[in-house]
Amino acid sequence: HRGGGGGAGGEEDDDEEEEEKEKEEEDSLIQGGNKAELAAQFHSLMVERFLGGEDGQYVDYSEIDTNHKYDNIAMRSRDEEDAYFDASDEEVEAQVMEEEREFKPPPLRPKKVVEETG
C-alpha cells in the first residue's frame, strides 16, 4: 500500500486492487491456445457477460427488452400452444364461448337467382 493513514488514498488503493482482481479473474477465464480457440473463448466470455447483464456501461438493456424485433415468435407460439393444451376443458370451452360472442356474423341469406327469359 502507498502512503500512511486512511482517507481518499486508501479508497483509491482498494479500487485499484479490486480492478486488478477482476482483471485477473477475467484473464484466468481465457486459457492459452491457438488463435481460433482464443477467439472462441473470447466470444463465449463476451456472450456470458452480455447475457448476465454485465455490459450495462456499454449496452442499454431496456432498449433490447422492449424491442419486439428480438422476440422469438416461434417460442412464444409454442408457449401459447402449450398453455392452450394444458388448460382444462372448461377453460377452453369458456374461451371458445367468449370468442363466439365477440364475432357475430350477419345471418346468411339465400342468393336470388334471376332467370333470363328469352
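Anything mentioned here points back to the structure above.
Scoring rules and cut-offs
- Residues numbered from 1 in each chain as written.
- Predicted model: local features only at pLDDT ≥ 70, side-chain atom pairs only at ≥ 80, totals over all residues.
- Heavy atoms only, no water.
- Patch = residues over 30% accessible without salt bridge, like charges linked within 9 Å, V, L, I, M, F, W, Y side chains within 5 Å.
- Areas by Shrake-Rupley, 256 points an atom, 1.4 Å probe, with all protein chains shown as cover.
- Salt bridge = Lys/Arg side-chain N within 4 Å of Asp/Glu carboxyl O.
- Lys, Arg positive; Asp, Glu negative; His and termini not counted.
- Charge placed at Lys NZ, Arg CZ, Asp CG, Glu CD.
- Helix = DSSP H or I, 4+ residues; strand = E, 2+ residues; numbered from the N terminus.
- Buried < 20%, exposed > 50% of the residue type's maximum accessible area, 1.4 Å probe, protein only.
- Contact = heavy atoms within 4.5 Å.

> Give me a negative patch on the surface: which residues, what numbers.
A cluster of acidic residues, D14, D15, E17, E18, E19, E20 and E22, forms a negative patch at the surface. By secondary structure assignment, the location of E22 is in helix α1 (residues 8-29). On the accessibility criterion, E22 (43% relative accessible area) is partly exposed.

> Which residues make up the environment of I64, and what are the values?
Take I64: it is sitting in helix α3 (residues 61-65). Residue classification places I64 among the partly exposed positions, given a relative accessible area of 28%. Residues contacting I64, with those up to four places away along its chain left out, are F50, V59 and Y70.

> Quick rundown of the side chain of D55? Include the residues and the values.
By the secondary structure assignment, D55 is in the loop between α2 (35-51) and α3. Residue D55 is classed as buried on the basis of its relative accessible area of 10%. If we skip the residues at most four places from it in the chain, D55 touches M46, R49, F50 and Y61.

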